[in-house]
Amino acid sequence: MNLAAFSRTSRTAALLVLLLLVTVGCAGPATSQASAPGVVDACRPPVKGFAVTTDADGKPLPKATSTTTGSIDPHTFTGPATAKLTDHSIHAVAASGDPKLPVDVKSCDGKQVQVQDVSRIIPVDLYGTLSEIVFSLGLGDKVVGRDTSTGFPEALNLPKVTPTAHDLNAEAILALDPTVVLTDKSIGPPEVLEQLRASGVPVIFFDDARTMDGMPSQIRAVAAALGVPDRGEELVDRTRAEIVKSLELAPQAAKPLRMTFLYVRGTAGVYLMSGPGSGADAMIAAIGGVDTGTDIGLDKPFVPLTSEALIRAQPDVILVMTEGLKSVKGVDGLVKLPGIAQTPAGQHRRIIDMNDTELLGFGPRTGRTVAALAKAVYTP
């Protein structure tokens, strides 16, 4: 989640709202009414347990069998590590064929939009996820503008439509003559998006939640809206397979590590512990760990961090975003937070950090994210 666009205070508040509110919205079925026959629904319900316990249709997956049986118990590891992707590039699916247009789409804001032309696409959201999906669908050559969070190599030469960080600029967008704009409520201001609609540009809102469970639905929704549903299915299958393969990196014989994800912004005094539905719980499950927030009975995606909760959770590993770790002056500062020194993770300095835009972005590269995280945890 790249926050460079806001001032430090406002961007922290924006992300905090998203983490606390948006993720709650992905915990159950979408609340919008079913679309009419032949109309693509941009706001589809998540698939519970996607790639960790179920396939993209919600059917149980065979239990993963680890191929890593090493003799070293990961509980004995000490010291911090940084999870890094070995490949940042976008690899488009193999499926081809012209998009089947026009497509009628029910946007997540309840408006019905018709997409007649996908020759000039502008995907914008706080995380860069929509751009990642469009490029992965093989439509990257149709993208004419990007947001600040879209930082993968294939998109870097595109003009930004968020010249002042994450704030959309109507003039910058209209100057690119888009045929469709893909977005969600994580980015704004809303007046700009309404201005685009008023000018005749089709604007489609998708679900702004970012979780493992929401990935197949969002990929399918974007693909269908752009007239390439078959490519969407191929991308969903590939993403699931990559995540499932990453599960094999967890040592077979070892007792699962207890892991806690903390969202910290020291400059703003924001310290949160994750629980069920945060997205972090799915990432932890995907690398064979036990999400301590869920295990100790938290009932919200994020709750204020307390020493009592941490001591009760007793994590072996603590996961954080890289910028969050920097905001508390690194590992030395993090272990001084109340309760951390009383946990195995704090005592052994087992702190794993990962780039803000990658850890909980939940796009088609999530399989690579899971693999990088697993390697940092199990082969430091």
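Residues numbered from 1 in each chain as written. Predicted model: local features only at pLDDT ≥ 70, side-chain atom pairs only at ≥ 80, totals over all residues. Heavy atoms only, no water.

1. Focus: the sheet that holds strand β3 (residues 103-106)
Across the sheet, which stays open at both edges, the three strands sit in the order β1-β3-β4 with mixed pairing between neighbours. Edge positions in the sheet fall to β1 (40-41) and β4 (112-115), since each of these pairs with one other strand and no more. As defined by bridge partners, β1 adjoins β3 across two bridges and the pair is classed as parallel. Residue pairing for β3: V40 is matched across the bridge by V105. (Pairing = 2+ DSSP bridges. Helix = DSSP H or I, 4+ residues; strand = E, 2+ residues; numbered from the N terminus.)

2. Things to note about the packing of aromatic side chains
Scanning the model with the defined rule gives two aromatic pairs in all. Measuring from ring centre to ring centre gives 5.0 Å for F135 and F152, while their planes differ by 75°; the resulting arrangement is edge-to-face. Of the two residues, F135 sits in helix α2 (residues 129-139) while F152 sits in the loop between α2 and α3 (170-174), which places them 17 residues apart along the sequence. Across this residue pair, the class does not change: F135 and F152 are buried. (Phe/Tyr/Trp six-rings, centres within 6.5 Å; stacked < 30°, edge-to-face > 60°. Buried < 20%, exposed > 50% of the residue type's maximum accessible area, 1.4 Å probe, protein only.)

3. Describing the state of the cysteines
As enumerated under the stated definition, the model contains one disulfide in all. Paired by a disulfide, C43 and C108 hold their sulfur atoms 2.5 Å apart. Linking C43 and C108, the disulfide has an S-S dihedral of approximately 110° and is accordingly described as right-handed. Of this pair, C43 sits in the loop between β1 and β2 (81-83) while C108 sits in the loop between β3 and β4, placing them 65 residues apart in sequence. (Disulfide = S-S within 2.5 Å.)

4. Some remarks on the environment of T129
The topology assignment puts T129 in helix α2. Judged by its relative accessible area of 2%, T129 falls in the buried class. Each C-alpha atom of the pair T129 and D208 lies 9.9 Å from the other, and the pair is 79 residues apart in sequence.

5. A word on the sheet that holds strand β7 (residues 203-205)
One key point about sheets: their strands pair by backbone hydrogen bonds, in either a parallel or an antiparallel sense. Spatially, β5-β6-β7 is the arrangement adopted by the three strands of the open sheet, whose pairing is parallel. In the strand order of this sheet, the two ends are held by β5 (121-123) and β7, each with one partner. When the angles between neighbouring strand axes are averaged without regard to direction, this sheet yields 15°. Of the strands in this sheet, β6 (180-183) and β7 are in contact with helix α4 (residues 190-198), which crosses β7 at around 135°. (Axes fitted to C-alpha atoms, helices over the stretch in contact; angles between N-to-C directions. Contact = heavy atoms within 4.5 Å.)

Nothing here speaks to function; it is all geometry.
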